[in-house]
Amino acid sequence: MEEIEMTNAFIAPLSVHFIWHPANETKVKPIFNHCYSLLSRDVNRPFSRSMNLPVFIRTSRNNTLPNPIQVLSHRTIAFIFLSLEVAADDQWVKYIEACVNLPDSVYLIPIALDKYALGLNDVFNGRNFIRSYDFDSQFFNDYIFIAIAHEIYRYALNESFSKMALGVDTALKLFLSHSKNEMHGVGLAYELKSFIDHSLMRNFFDASDIAPGFRFSEEIEAHIRGSTVIAIHTDSYSSRYWCQREIMCAKENDRPIIAVDCLEEFEDRRFPFATNIPGVHMHLDGSPTKQDLLRILSAALLETIRFFYSKMLLTEYKRVGWIQRESMLLARPPELSDISRLLDQETKSIHKDKMIIYPEPPVYMDEITILKQLDIKIETPLTIDLSSISGINIGISISDPSEEELVHIGQAGQKLVQLSQDLARHLLKRGAVLHYGGDLRENGFTEFLFHEALALQARTLDQNIHLVNHIAWPLYLSDTDKVKHWKADIRTVAKMNEYQPHPYTRKFIPNVNQFLVPSNVENQYVWSRSLSEMRRKMIQLCDARISAGGRQFGYKGIMPGVLEEIMIALELERPLFLLGGFGGITANICNLIESGVVPDDLTESWQIENNAGYEELLNKTEEMDSDYRPDYKLLVEKLCNANLRNGLSDEENIKLFHTPFIEEALYLIFKGLKSCVMK
């Protein structure tokens, strides 16, 4: 594939790929899950300040080869897991050779799962392997993550990086800041440095532990300017002037910092410059264990990557004009100490036209009240243009594609959850009313939307934030006690619209107050009509609709749910945003609109073949109401001629059809909404 063309369009600074042979699924998937949980945002902590790197998968099912790596970012790093199974599979060797021949912006890291992998050394032209089989099995996850995270740092963030340099020459430099007259601080600094200097860690870290002294010298400042600072926070740490000076120097030089909390008894105050940074807690019941040291080093790497990736992402936003050129970019949420950076050096007054931009997600408003009162403009990239959509009804159609589809497009299953959380956060922040049609099940998309609304309501103290959940008959009749408690808890942010069965189906319903199992064709017909009725009434209430994902088979309606909602939105002439980069039926609809080529899953024959009982349901529908039976040829024709009415140009819609990056998708959605529905 050709390297990305440098234009004024948004280009992600970095993307990370994990590639493995399907025979190694049981070995590699736990490694991927562990790394993904750290490199991407935790969906159970949606307001955490994680880095949210774009992470993709390249593997396969049924002995097929994965899709090629797509070069979609300024830099791409791919971790290729190698083993006996790969070395013995000629087709996979050819796939890897094709990866090696990708442009220079793609950096490949071979990871050997066993010694047989080293037989592929010639494919990588002698490149150094991460030999995971040598890692201590007791701390395997820590060692493999540190090795992977360090390569991300070296390649994407270290300005002195060279593909020919190895080991300490490009290792992450650490500055160990600690009080020189406290046992725990000195002891931990010594243990950390000794562990790094005398183990595998010397390949990943270069630790500077300055000897005890009482001068803040040029030597110390020079070390800090090129390091990530680990502040070992003991009882007297904040009261020591030289410790304070080291933290201030790190902040002044815009360096990553983490705190290691080693408080033993008490501190009379916490130094204000040593806040707004991540912390690691240490248990003071003896010498630090290897697990403790690995936790600290993992945290230092994570914060370093998050810090510099955030700056890269904000710089890209500035390059393409999403944020003002004169904005000051911060890799952390703002604090009072940042005011000095806004001062005009001659007048010592604050630049009124200068804006502070910090990474998503937004912090609590209370946290930055003082800065706002000083008339300082403080925003995240997606809150800069908070055009009011108060009272505007936005429908969201999001559901997971099949596991096979996710593997095919290289997306992790949590990506759509992250998308739904980000959509909910920013739409609710702007005053929209969100509409979603779905059953209330644990860990479902509906639950995530409600959690976002509750969290945002608590953060903003705005009692008007709310959603409307639309539920078809008979789904709400099967509510568990847990769901009933949940419904009671979310009354302040959500309204439940529960719909009655369609009139045509009443003769098949023994008791409208009892749950009906879709166990035969008549009951399936009842379900499909009820779902269609709910979807039409829901979309009639919406001013615009956003669609992503969507399963192609295994649904309960007359057609795939997301597809039906898209067709109703087009019929009712509602503005429609289609996010095809997250797979599913939405991706196939985007491809149809763009190319005119009809995908298999938009044909009746494919649906009959891949959905047991579907032909019988169509026949029953024909018998009951022929107008309700879907005409797939007419459906395809309507999609090919679709007018999305979403305020975006054709070029921008094509971008929205393809982008796998949540930030770009959200930016395009808000740009379109501003044109078509925002007041």
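Owing to the predicted nature of the structure, the values given are computational and were not obtained by experimental measurement. (Residues numbered from 1 in each chain as written. Predicted model: local features only at pLDDT ≥ 70, side-chain atom pairs only at ≥ 80, totals over all residues. Heavy atoms only, no water.)

A.B. asks: Explain the overall build of the protein to me, and be specific about the residues and the numbers.
C.D. replies: Looking only at helices and strands, the protein has 21 helices and 19 strands in total. Across the 679 residues of the protein, 57% fall into the buried class. Long-range contacts, defined as pairs at least 24 residues apart, comprise 75% of the intrachain contacts of the protein with a sequence gap of at least 6. When the accessible surface of the protein is summed, it comes to about 29,200 Å², and 48% of that surface belongs to carbon and sulfur atoms. (Helix = DSSP H or I, 4+ residues; strand = E, 2+ residues; numbered from the N terminus. Buried < 20%, exposed > 50% of the residue type's maximum accessible area, 1.4 Å probe, protein only. Contact = heavy atoms within 4.5 Å. Areas by Shrake-Rupley, 256 points an atom, 1.4 Å probe, with all protein chains shown as cover.)

A.B. asks: I'd love a proper account of the sheet that holds strand 13 (residues 377–379), names of residues and values included.
C.D. replies: Taking strand neighbours across the sheet as the criterion, the three strands line up as 11-12-13 in an open arrangement whose pairing is parallel. Looking along the sheet, the strands with just one partner apiece sit at the ends: strand 11 (328–329) and strand 13. As judged from the three bridges shared by strand 12 (residues 355–357) and strand 13, these two strands associate in the parallel manner. Looking across to strand 13, one finds that I356 is bridged to I378. (Pairing = 2+ DSSP bridges.)

A.B. asks: Explain a nonpolar patch on the surface to me, using residue names and the numbers behind them.
C.D. replies: Nonpolar side chains collect at one region of the surface, where L336, I370 and L374 lie side by side and expose about 270 Å² of accessible area between them. Within the element layout of this structure, L374 appears in the loop between helix 9 (369–373) and strand 13. You can call L374 partly exposed: its relative accessible area is 37%. (Patch = residues over 30% accessible without salt bridge, like charges linked within 9 Å, V, L, I, M, F, W, Y side chains within 5 Å. Salt bridge = Lys/Arg side-chain N within 4 Å of Asp/Glu carboxyl O.)

A.B. asks: Please provide a residue-by-residue account of the pattern of salt bridges, values included.
C.D. replies: Should their charged atoms come close, side chains of opposite charge can pair. Within the structure shown, the criterion is met by 24 salt bridges. We note a salt bridge from R225 to E221, for which the minimum N-O separation is 3.7 Å. Of this pair, R225 and E221 both sit in helix 6 (residues 218–225), separated by four residues, roughly a single helical turn. Exposure remark for E221: the relative accessible area of 24% places this residue in the partly exposed category. One salt bridge in this structure joins K311 and D254, with 2.5 Å as the shortest N-O distance. Of this pair, K311 sits in helix 8 (residues 290–319) while D254 sits in the loop between helix 7 (241–252) and strand 9 (257–261); the two residues are 57 residues apart in sequence, bridging distant segments of the chain. Taking relative accessible area as the criterion, K311 reaches 25% and is therefore assigned partly exposed. Here the residues in one salt-bridge network are R535, R545, E564 and E565, joined through shared partners.

A.B. asks: Account for unusual backbone geometry, with residues named and values stated.
C.D. replies: For the bond from W473 to P474, the omega torsion is 5°, close enough to zero to count as cis. Positive phi, normally seen in glycine, also occurs at N276, with a value near 60°. Residue position: N276 is located in the loop between strand 9 and strand 10 (279–281). For E573, which is not a glycine, the phi torsion comes out positive at approximately 60°.

A.B. asks: Would you mind going over the side chain of R529 in detail, with residue names and values included?
C.D. replies: Among the secondary structure elements, R529 is positioned in helix 14 (residues 521–540). Looking at R529, its side chain comes within polar contact range of the side chain of H502, at 3.0 Å. Those residues in contact with R529, other than ones at most four positions away along the chain, are H502, Y504, T505, D625 and Y628. (Polar contact = N/O pair within 3.5 Å; in protein donor to acceptor, adjacent residues only side chain to side chain.)

A.B. asks: Explain the packing of aromatic side chains to me, and be specific about the residues and the numbers.
C.D. replies: Within this structure, the stated rule accounts for 22 aromatic pairs. Here the aromatic rings of F10 and W322 are separated by 4.9 Å at their centres, their planes lie at 15°, and the arrangement is stacked. Of the two residues, F10 is situated in the segment before strand 1 (12–19) and W322 in the loop between helix 8 and strand 11; the sequence distance between them amounts to 312 residues. The same class applies to F10 and to W322, which are both buried. Every member of this aromatic cluster is reached through a ring pair, and the members are F10, F56, Y317, W322, F661 and Y667. Over the aromatic face of F670 sits the side chain of R430, whose NZ or CZ is 4.1 Å from the ring centroid. Directly above the ring of Y628 sits R529, whose terminal nitrogen or CZ lies 4.0 Å from the centroid. (Phe/Tyr/Trp six-rings, centres within 6.5 Å; stacked < 30°, edge-to-face > 60°. Lys NZ or Arg CZ within 6 Å of the ring centre and 35° of its normal.)

A.B. asks: Before we move on, could you go through the sheet that holds strand 18 (residues 544–549) and cite the residues and values that matter?
C.D. replies: Spatial ordering of the open sheet is given by 17-16-15-14-18-19, a layout of six strands whose pairing is parallel. With partners counted over all chains shown, the strands left at the sheet margins are strand 17 (494–498) and strand 19 (576–579), one partner each. Mean inter-strand twist for the sheet, computed between neighbouring axes without regard to direction, equals 20°. Pairing of strand 14 (residues 393–399) with strand 15 (residues 433–437), which is carried by three bridges, proceeds in the parallel orientation. (Axes fitted to C-alpha atoms, helices over the stretch in contact; angles between N-to-C directions.)

A.B. asks: A description of the layout of surface pockets should follow, citing residues and the corresponding values.
C.D. replies: Of the pockets and cavities examined, the largest pocket occupies roughly 970 Å³. Lining of the largest pocket is provided by 35 residues; of these, Q70, L72, H658, T659 and P660 occupy positions nearest its centre. Going through the elements one at a time, strand 1, strand 2 (55–58), helix 10 (403–409), helix 16 (584–595) and helix 20 (650–658) are the ones with two or more residues in the lining of the largest pocket. Ranked by the residues each element gives to the lining of the largest pocket, the list is headed by helix 20, at four residues. Residues that form the lining of the largest pocket fall into these classes: 15 nonpolar, 15 polar and five charged. (1 Å grid on protein atoms, 1.4 Å probe; cavity = no way out; pocket = protein on both sides within 12 Å on 5 of 7 lines; lining within 4 Å. Points joined across faces, edges and corners; volume = space filled by probe spheres on them. Nonpolar A, V, L, I, M, F, W, Y, C, P; charged D, E, K, R; others polar.)

A.B. asks: Break down the environment of I593 for me, with residues and values.
C.D. replies: Summarising the element assignment, I593 is placed in helix 16. Counting along the chain gives 47 residues from I593 to C640, while the straight-line C-alpha distance between them is 4.9 Å. Discounting residues that sit within four places of it in the chain, I593 has contacts with L578, L639, A642 and F657.

A.B. asks: Please give an account of the pairing of strand 15 that cites residues and values.
C.D. replies: A large share of strand 15 lies buried, amounting to five of its five residues. Side chains V433, H435 and G437 project from strand 15 onto one buried face, and the interleaved L434 and Y436 project onto a second face that is buried too. With four bridges connecting them, strand 15 and strand 16 (residues 467–471) associate as parallel partners. What sits directly across from H435, in strand 16, is V468.

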